[in-house]
Amino acid sequence: MSSSPTKVDALSQSVVVIGLNAALQKRFILPPNKNLEPGNVHRAHQCETGVGGKGQDVGVAMSCLLSQAPQTTLNSNDKDKAVLLAQFLGMGPEGDAVSNTLRTRHGLSDALTIRNAAPLRTCTTIVGADEATELVETSGEVTDDEMKALQSKVEEMTKEGGKAGCVCIMGSMPPGCAEDTYADLTSRLAGKRSLVLIDSVIGLDPLLGALATIYDTNNDDGSSKKEGGAVLKLNAAELCKLAGVTKGAGEADQVTMEELTASTQGFVTNHANAIGALDYLCITDGKWPGYLIEIPKSASASFRTWQLPAVDLSKEGMLYPIGAGDTVAAGTLAAWQYLHHQSTTTAATGGGGDNNFFGVVPSKIGTHLADRKAEWSSAGAPSSSSSLEEDEGYKMATAFAFGLACGSASCLQQENSVFEVDDAVKFFGGMVKPVVQ
């Protein structure tokens, strides 16, 4: 890390994950060759506990990437601030268990954790031979004082360290949170240079309004250049629903290009601030290919769509998909952070690197990302505005492809969002260049 006392450095390299709805995750594993049979008594072959909640899953997945950093480059200050979870963890044994696991096993800081009075919910996964069933408890209510305590922690941290380099907004909110809670916290955390990934449709309109305002504000030096960006990650069925488009086949069937086009146009029509707030939509579609969709400049404007290949897991045996979508979000934002920092540093230094930067993705994996982005990008050394935009598109497509590879790797592990990084690198290396539709 840099020895400079500049306060902005304290938070500008951090990923802050807003994951307000945490959970204790229990895995009730049935005997081999057994599946859940409603109405019958089931005795566990094995029981496990761990971390649950979408934001917490992101933290766990990012800790897998952080674990690959060489110890010679990893100090406690780097790791403490690399990923910060803004979260409520209820008092009692469930909250204690999750807090201890996040800190001791995954090395995640509790600097933005509020231990609220309501007990932490428990989510139980019943794991059978070839299927899993999820049981989700309701969350306890967050009080006004507890929300103010989280806001105060955020304010204190940004006052000392500047705006966050990356912000990730994940999932639902517990009872007691206002509709604009995500908008409020994001406004406190994010600046014009921040990278923001949204994986939630809760409070979406206020959040998009807040982001549009952030990116429409001049920089500290008076310039208006937007150096950050924002993406919305959701599945194809969610996009169709937000846009009011009827998906012709079932939710498990592959989305069509016609449905994607109509849904994108309907989305920017229904959500007025989407154009000013977002740069891309990252669309997952189960076992089918993913899609990166450029946000059009207007509801009637043309836009590009990149089709990203799906990883074939058909020969991998039993799969554990719970938490895979959250791992996609984690891998995408981590890769985006690396590639974005690499491109801005190269532009600022004329090709030199920045040895003081410490992100979630270690350099040995970042090299794979940079090489693949250079291979996939048809822009080469961009000079025109159109080629610059295409280069940015392939940068985001590379990041999303890596996220999809991480999500696929997590399906091989029983525990939510835990994955072998070598599996993710292997899946990512086997991907072909995304097809521009």
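Going along each chain's sequence as written, the residues are numbered from 1 onward. The model is predicted, so local features are restricted to residues of pLDDT at least 70 and side-chain atom pairs to those at 80 or more, both for listing and for counting; the totals for chains, interfaces and linings are taken over all residues. Side-chain metrics rest on all non-hydrogen atoms present in the structure, leaving aside hydrogens and water.

K.L.:
How should I be thinking about the packing of helix 5 (residues 144-161) against helix 6 (residues 181-189) in this particular structure?
P.N.:
When two helices pack together, their arrangement is given by the angle between their axes and by how far apart the axes lie. Across the interface, helix 5 lies against helix 6 with an axial gap of 9 Å and an inter-helix angle of 20°. Relative to helix 6, helix 5 is oriented roughly parallel. The interaxial crossing formed by helix 5 with helix 6 has right-handed handedness. Touching Met147, Leu150, Gln151, Val154, Glu155 and Thr158 of helix 5 are Thr181, Asp184, Leu185, Arg188 and Leu189, all from helix 6. When residues are sorted by character, Ala, Val, Leu, Ile, Met, Phe, Trp, Tyr, Cys and Pro go into the nonpolar class, Asp, Glu, Lys and Arg into the charged class, and all the rest, Gly among them, into the polar class. When its residues are assigned to classes, the contact of helix 5 with helix 6 shows 5 nonpolar, 3 polar and 3 charged. Axes here refer to lines fitted to C-alpha atoms; in helices the fit is confined to the stretch in contact. Angles between the N-to-C directions go from 0 to 180 degrees. By definition, any uninterrupted DSSP run of H or I lasting at least four residues is a helix, any uninterrupted run of E lasting at least two residues is a strand, and each is numbered from the N terminus. Under this scheme an angle from 65 to 115 degrees is roughly perpendicular, one under 35 degrees roughly parallel, and one over 145 degrees roughly antiparallel; angles in between are oblique. Crossing handedness: left-handed means the near helix sits turned counterclockwise from the far one by under a right angle, and right-handed means the same turn made clockwise. When checking whether two residues touch, look at their non-hydrogen atoms; a contact exists if any pair is within 4.5 Å.

K.L.:
In this structure, what is going on with helix 4 (residues 93-105)? I would like to understand it.
P.N.:
Note: α-helices contain 3.6 residues per turn, so residues at a spacing of three or four share the same orientation. A helix's residues, less one, multiplied by 1.5 Å, set its expected span. Taking 1.5 Å per residue, 13 residues should reach 18 Å; helix 4 reaches 17 Å between its end C-alpha atoms and fits that length. Each residue's exposure class comes from its accessible area (1.4 Å probe, protein chains only) as a fraction of the maximum for that residue type: buried when under 20%, exposed when over 50%, partly exposed otherwise. Within helix 4, the full set of buried residues consists of Gly95, Val98, Ser99 and Leu102. Angular distribution of buried residues about the axis of helix 4 spans 100°; they occupy a single face of the element. Across from the buried face of helix 4, at angles greater than 90 degrees, the exposed residues are Pro93, Thr104 and Arg105. In this fold, the buried residues of helix 4 make contact with strand 2 (23-29), strand 3 (46-52), helix 2 (54-66) and strand 4 (83-88). Just downstream of helix 4 lies Gly107, where phi reads positive at about 70°. Directions are taken from the helix axis to each C-beta atom, and the arc is the one they span.

K.L.:
What should I look at first to understand the sheet that holds strand 12 (residues 288-294) in this one?
P.N.:
By definition, the strands of a sheet pair up through backbone hydrogen bonds, in either a parallel or an antiparallel sense. The mixed open sheet is built from 10 strands, whose spatial order is 5-4-1-8-9-10-11-12-13-14. For this open sheet the edge positions go to strand 5 (113-114) and strand 14 (435-436), each flanked by a neighbour on one side alone. Taken together, the 5 bridges between strand 10 (residues 229-235) and strand 11 (residues 280-285) define a ladder with parallel strand orientation. Within strand 11, the residue paired with Val231 across the bridge is Tyr280. Contacting strand 8 (166-170), strand 9 (195-199) and strand 10, helix 7 (residues 204-215) runs over the sheet at an angle of about 170° to strand 9. The pairing criterion is simple: DSSP has to find at least two bridges between the two strands.

K.L.:
I tried to follow the pattern of salt bridges on my own but got confused; where do I start?
P.N.:
Salt bridge, as used here: a side-chain nitrogen of Lys or Arg that lies within 4 Å of a carboxyl oxygen of Asp or Glu. For the coordinates displayed, the defined rule picks out 13 salt bridges. In this structure, the salt-bridge partner of Lys233 is Asp199, at a minimum N-O distance of 3.0 Å. Placement of Lys233 in strand 10 and of Asp199 in strand 9 is noted, with a sequence separation of 34 residues between them. Judged by relative accessible area, which is 7%, Lys233 ranks as buried. For Asp199, a relative accessible area of 7% gives the class buried. Residue Arg372 is joined to Glu375 by a salt bridge in which the shortest nitrogen-to-oxygen separation is 3.3 Å.

K.L.:
Hey, could you run me through the nonpolar core in this one?
P.N.:
Soluble globular proteins: nonpolar side chains tend toward being buried together. Residues belong to a common nonpolar core when they are buried Ala, Val, Leu, Ile, Met, Phe, Trp, Tyr or Cys residues joined through side-chain atoms within 4.5 Å. In this structure, Leu65, Leu292, Leu333 and Phe419 are the most contacted members of the largest nonpolar core, which totals 69 residues. Ranked by residue count, the leading element in this core is helix 13 (residues 385-410), at 11 residues. Core analysis: the second largest hydrophobic core is formed by 51 residues, Val16, Ile114, Cys177 and Phe303 among them.

K.L.:
Got a minute to help me understand the packing of helix 8 (residues 236-243) against helix 9 (residues 257-270) in this structure?
P.N.:
It is the contact of helix 8 with helix 9, at a shortest axis distance of 8 Å, that shows an interaxial angle of 50°. Between helix 8 and helix 9, the angle falls in the class oblique. In the packing of helix 8 onto helix 9, the handedness of the crossing is left-handed. Between helix 8 and helix 9, the residues in contact are Leu239, Cys240, Leu242 and Ala243 and Leu260, Ser263, Thr264, Gly266, Phe267 and Asn270, respectively. Of the residues that constitute the contact of helix 8 with helix 9, the class distribution is 6 nonpolar, 4 polar and no charged.

K.L.:
Would you take a moment to explain the side chain of His271 for this structure?
P.N.:
The topology assignment puts His271 in the loop between helix 9 and helix 10 (274-277). Given a relative accessible area of 8%, His271 falls into the buried group. If we ignore the near neighbours within four places in the chain, the residues touching His271 are Leu204, Asp205, Leu208 and Leu242.

K.L.:
Sorry, what's going on with the pairing of strand 6 (residues 122-127) here?
P.N.:
Sheet faces and side chains relate simply in a regular strand, where the side chains alternate between the two faces. Burial of strand 6 is extensive: 5 of the 6 residues sit out of reach of the surface. One ladder, built from 5 bridges, connects strand 6 with strand 7 (residues 132-136); its direction is antiparallel. Each bridged residue has a counterpart across the sheet, and for Ile126 the counterpart in strand 7 is Thr133. Joining the antiparallel neighbours strand 6 and strand 7 is a turn of 4 residues.

K.L.:
Explain the packing of aromatic side chains here, please?
P.N.:
For any pair of aromatic rings, the description rests on two quantities: the centre-to-centre distance and the angle between the ring planes. Aromatic pairing here means that ring centres of Phe, Tyr or Trp (its six-membered ring) are within 6.5 Å. Orientation follows from the plane angle: under 30 degrees is stacked, over 60 is edge-to-face, and everything else is tilted. For the coordinates displayed, the defined rule picks out 4 aromatic pairs. On the numbers, 6.1 Å between centres and 65° between planes, the contact of Trp376 with Phe428 is edge-to-face. One end of the pair, Trp376, is in helix 12 (residues 363-376); the other, Phe428, is in helix 14 (residues 421-429), and 52 residues separate them in sequence. Across this residue pair, the class does not change: Trp376 and Phe428 are buried. With a centroid separation of 5.6 Å and an interplanar angle of 90°, the aromatic rings of Phe402 and Phe428 are classed as edge-to-face. Here Phe402, found in helix 13, pairs with Phe428, found in helix 14; they are 26 residues apart in sequence, far enough to count as distant. Each member of the pair, Phe402 as well as Phe428, carries the same accessibility label: buried. An aromatic cluster is defined as three or more aromatic residues linked by ring pairs; in this entry it consists of Tyr280, Trp306 and Tyr394. Put simply, a charge is over a ring when the Lys NZ or the Arg CZ is close to the ring centre, within 6 Å, and near the line of the ring normal, within 35 degrees. When the ring centre of Phe428 is taken as reference, the NZ or CZ atom of Arg372 above it lies at 5.5 Å.

K.L.:
Would you mind going over the pairing of strand 2 with me for this structure?
P.N.:
Of all 7 residues in strand 2, 5 are buried, a share of seventy percent or more. Note that strand 2 and strand 3 share 7 bridges and pair antiparallel. Across the sheet, residue Ala23 finds its bridge partner in strand 3, namely Gly52. Bridge analysis of strand 2 against strand 6 gives 6 bridges, and the strand direction is parallel. Each residue of the ladder has a partner; that of Ile29, found in strand 6, is Val127.

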